[in-house]
Amino acid sequence: MDIREEYLKFFESKQHKRIESAPLVPDDASLLFNNAGMVPFKSIFTGEVPAPINPRATSCQTCIRAGGKHNDLENVGHTARHHTFFEMMGNFSFGDYFKEDAIAYAWEFITEVLHLDKEKLWVTVHDSDDEAADFWKRHIAPERIMRLGDKDNFWSMGDVGPCGPCSEIFYDQGAEHFSGPEDYMGGEGDRFLEIWNLVFMQYEVKVKGGQRVALAKPSIDTGMGLERVVAIKEGALSNYGSSLFMPLIRKVEDMIEKEYVYATGASYRVIADHIRTALFLLAQGTNFSNEGRGYVLRRILRRAVRHGYLLGFREPFMYKLVDSVVDIMGGEYDYLIQKAQTVKEQIQLEEARFFKTIESGIALFSMELEHTKEIFSGAVAFKLYDTYGFPLDLTEDMLREKNLQLDTAKFKELMNEQKNRAKAAWKGSGDNAVSGDFKALLEEFGENEFIGYETHHHSSKVLALLDENYKRVQTLGRGEKGWVFLDVTPFYAQSGGQCGDIGTLGNVAKVIDTQKFFGLNLSQIETTNKLSVLEKLDAQVDISRHEITKHHSATHLLHAVLYDVLGEHISQAGSLVEANRLRFDFSHPKALTEEEIAEIEERVNIEIMRAIPAKTEVLNIEEAKKSGAKAQFGEKYGEKVRVVSFSDTSIEFCGGVHVENSANIGSFIITKESGVSAGVRRIEAVCGNAAYKYFSEQRSLLKEAQTEVKNLDLLAGIHRLKANVTELKNELKEAQESSKVEIKVDEINGVAVVVEELPNGDIKEKIDELKNQNEKLCAMLFQVKGDKVLIAAGVKGCDAKAGDWIKKIAPILGGGGGGRPDFAQAGGKDASKLPEAKEAATAFIKEVIA
């Protein structure tokens with residue numbers, strides 16, 4: 001039985017609209033991930049937007065609870081029913097049916113579709129909810145209805161907002177399997193398994209600590225865990241024993257060649273759970289990083305790798321499980337099939353990095369062992385956990401092998417400190433939460449019309465004004481900021497990576513941004529004169545729109561060329577389109593080579609020069625998919641979608657603005673290629689006027705460089721400078737080496753006498769140095785330079801004359817020279833006579849000073 005499909009079909013038969021699972025990353029700034037089936041409908045339940053035309057919906061929502069306020073991570077693998085990733089089936093009523101029908105539908109599905117044994121079913125209701133209890137008595141014996149208090153059977157969205165009692169349905173898995181002290185109805189054991197929660201939203205709390213006020217139109221929110229129901233139907237006593245998980249566990253068994261035993265198999269279960277989470281997040285565009293959602297993803301994968309290490313894995317293995325998950329879930333979520341190869345590469349890279357970290361952790365562990373007698377440092381154990389990702393049980397296992405104990409008190413102290421810091425620092429997803437008078441605008445006016453594809457200006461009426469806090473006002477005074485809601489607008493609202501338009505509203509206001517809130521196109525304005533509701537103004541998009549279109553169309557061409565040059569694994573992982581630049585993130589396992597970057601840049605420019613007319617069509621979603629158009633995961637597409645194509649080069653779903661012809665882009669220059677995270681690369685580029693400015697800046701830089709090197713041929717000038725640098729380095733090296741040469745000094749009649757060859761350095765400077773070191777000196781130094789010989793003589797504090805001395809010796813070397821009595825220089829041409837010259841120089845000076 002395909003339980004997921006049976007559930008959705010059942011509620012479709014009850015006039016519910018089937019809603020596709022929303023992305024795991026929600027539009028809700030207070031959440032890291034979608035953690036319940038009702039999250040995509042939260043704005044309806046809170047009243048931020050009106051209820052849809054059909055007030056009934058059903059879905060099977062993918063959910064994650066691993067980080068932030070809702071975190072099951074540490075329980076996964078150690079219980080039969082906790083998961084980081086799970087699917088929640090739900091049916092929802094937005095002010096339509098209430099308790100009676102919700103209870104009847106639930107009973108009908110469980111007993112007539114799932115055919116669960118009625119004798120094994122129990123229900124709970126809130127202890128004050130007589131109404132729900134009475135409705136349940138129509139279906140189940142009163143003794144199987146249990147009343148519980150707020151802790152178990154009252155649900156609230158938060159300190160303020162909708163709330164109400166709930167009713168839970170339990171399945172008795174049998175006393176023969178579970179007989180612990182908590183295995184009673186209402187206990188914490190696993191015998192009585194909760195399978196469905198029916199929430200009756202009948203109250204609202206308007207202020208924190210305020211009274212519950214009855215809602216005029218109460219609603220229904222239900223949630224049923226798919227994994228639990230599948231396990232029950234298959235007779236498995238743990239979710240991990242079902243067909244959703246056992247193929248993954250068996251694959252791990254095969255890889256590690258160790259049998260899975262439930263009692264000691266927590267590591268197998270952690271791996272089976274975490275690979276699902278990693279695959280879905282990566283396939284939906286979340287990437288490994290050191291912050292936010294990407295950090296949660298990294299922790300989840302590394303936790304699985306740590307458990308693999310416990311089993312004996314010493315190299316990447318998680319990526320080998322991807323195909324097994326795709327086999328199980330790819331039929332329902334086809335994007336898993338499309339992204340499988342890319343995700344495997346990303347996981348393998350991340351695993352390889354972490355296995356290196358594990359080895360570093362073992363080195364730290366070994367170092368601490370040298371200082372441990374009986375109790376291993378809790379601080380070091382915590383560092384192993386926090387910095388190197390070692391689970392406590394791995395550290396304890398290694399200590400048991402050494403018959404050592406761990407200072408668990410210190411470890412727990414540091415762990416609690418970290419948890420408190422994390423709790424204090426967590427402020428949601430990091431996005432800006434927005435609330436305001438949007439529902440009133442939608443109810444009064446509906447969504448406004450965007451005409452910016454056809455025109456850049458329009459005479460538009462101001463239907464509403466909002467202040468900076470999104471509250472309705474009748475006027476905005478001169479110099480104030482706020483938001484304007486026009487009946488018809490040419491301003492494009494930020495979406496799909498493209499920035500929002502700027503411009504003017506007559507001579508009354510500057511448009512500084514345009515955003516979309518719950519389908520409403522609102523422009524942020526700064527007034528130059530007073531502005532009031534119902535005024536009619538000329539809405540004019542700024543000229544920068546032309547540059548935005550160039551960069552957006554170039555992004556499409558770049559995407560197509562990357563796919564062609566690098567391979568079919570390429571998929572978009574994010575983008576930014578502005579008037580002066582574009583940024584495109586894409587899946588690829590390694591940095592691009594200079595040759596690849598050059599080819600990509602050239603190919604995009606060739607497509608621009610082909611002058612391809614842009615074609616825009618509005619198609620049915622299925623027709624658009626059949627056309628081969630690329631869709632971006634996470635974007636919300638209706639039944640009709642806009643498809644932008646440049647011949648057969650590029651075909652994409654896109655709601656953005658584009659050039660009419662690729663030739664309008666002008667030129668395309670890649671300014672940077674870099675890595676974003678494991679398996680994700682980024683290209684930054686400029687087009688149009690920004691490309692011209694880039695060329696101008698490069699030309700100015702070239703002229704500056706030519707001036708600096710004093711050569712119009714820049715490379716020749718650089719080569720000359722490099723040669724000069726090399727020469728100077730050699731001279732410096734010679735000088736340094738000459739300073740190390742020991743000079744032999746003889747003393748004759750109280751005078752220091754030096755006659756030596758100096759291989760390197762400046763012989764004149766050396767003589768000056770010798771003069772400084774001696775009161776009386778006669779020194780002659782020789783230095784061979786190629787086939788020539790340099791000679792220098794210096795005299796201090798005695799009757800000898802340097803000039804006479806050098807005139808006597810230079811001819812021996814085939815040269816001549818002269819100088820002052822205290823210093824003289826000469827050159828010679830015959831280096832072979834150097835020994836003879838040195839001997840003559842010594843004999844001459846001895847006679848002079850004798």
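Reading the values: rules and limits
- Residues numbered from 1 in each chain as written.
- Predicted model: local features only at pLDDT ≥ 70, side-chain atom pairs only at ≥ 80, totals over all residues.
- Heavy atoms only, no water.
- Helix = DSSP H or I, 4+ residues; strand = E, 2+ residues; numbered from the N terminus.
- Rg over C-alpha atoms; globule rule 2.2 N^0.38 Å.
- Buried < 20%, exposed > 50% of the residue type's maximum accessible area, 1.4 Å probe, protein only.
- Contact = heavy atoms within 4.5 Å.
- Areas by Shrake-Rupley, 256 points an atom, 1.4 Å probe, with all protein chains shown as cover.
- Lys, Arg positive; Asp, Glu negative; His and termini not counted.
- Charge placed at Lys NZ, Arg CZ, Asp CG, Glu CD.
- Disulfide = S-S within 2.5 Å.
- Axes fitted to C-alpha atoms, helices over the stretch in contact; angles between N-to-C directions.
- Parallel < 35°, antiparallel > 145°, perpendicular 65-115°, else oblique.
- Nonpolar A, V, L, I, M, F, W, Y, C, P; charged D, E, K, R; others polar.
- Pairing = 2+ DSSP bridges.

## Some words on the overall build of the protein chain
A count of helices and strands for the protein chain gives 23 helices and 35 strands. Here the C-alpha atoms of the protein chain give a radius of gyration of 40 Å, more than 25% beyond the 29 Å that 2.2 N^0.38 yields for 850 residues. Each principal axis of the C-alpha atoms in the protein chain carries an extent, and together these give about 135 × 80 × 50 Å. Counting over 850 residues, the protein chain shows a buried share of 50%. If you take every contact in the protein chain between residues at least 6 apart in sequence, the share linking residues at least 24 apart comes to 66%. When the accessible surface of the protein chain is split by element, carbon and sulfur atoms take 47% of a total near 40,900 Å². Distance from the positive charge centre (104 side chains) to the negative charge centre (130 side chains) of the protein chain: 4 Å.

## Side note on the state of the cysteines
All chains considered together, the criterion is met by zero disulfides. No disulfide involves Cys687; its nearest neighbouring cysteine sulfur is the one of Cys499, lying 13 Å away. For Cys687, a relative accessible area of 0% puts it in the buried group. Of all cysteine sulfurs in the structure, the one in Cys798 sits closest to Cys778, which takes part in no disulfide; the separation is 3.3 Å. Owing to a relative accessible area of 0%, Cys778 belongs among the buried residues under this scheme.

## A look at the packing of helix 11 (residues 335-369) against helix 12 (residues 378-386)
Between helix 11 and helix 12, whose axes approach to 10 Å, the crossing angle comes to 175°. Viewed along their axes, helix 11 and helix 12 adopt a mutual orientation that is roughly antiparallel. The segment helix 11 lies against helix 12, with Gly361, Leu364, Phe365 and Glu368 engaging Val380, Lys383 and Leu384. The class makeup of the residues in the contact of helix 11 with helix 12 is four nonpolar, one polar and two charged.

## A few points about unusual backbone geometry
Within the chain, His115 stands out as a residue other than glycine whose phi angle is a positive 55°. Position of His115 relative to the elements: it lies in the loop between helix 3 (99-113) and strand 4 (121-126). Here the phi dihedral of Ser647 falls at roughly 55°; this positive angle occurs in a residue that is not glycine. Among the secondary structure elements, Ser647 is positioned in the loop between strand 26 (640-646) and strand 27 (650-653). Exposure remark for Ser647: the relative accessible area of 41% places this residue in the partly exposed category.

## Examining the sheet that holds strand 28 (residues 668-677)
Hydrogen bonds between backbone atoms are what pair the strands of a sheet, whose relative direction is either parallel or antiparallel. Spatially, four strands are ordered 23-24-29-28 in an open sheet, and the strand pairing comes out antiparallel. Since the sheet does not close on itself, it has two edges, and those belong to strand 23 (572-577) and strand 28, each with one partner. Strand after strand, the sheet turns through a mean of 15° between neighbouring axes, direction not considered. Here strand 24 (residues 582-587) pairs with strand 29 (residues 680-687) via six bridges, running antiparallel. Along strand 29, the bridge assignment pairs Leu582 with Ala685.

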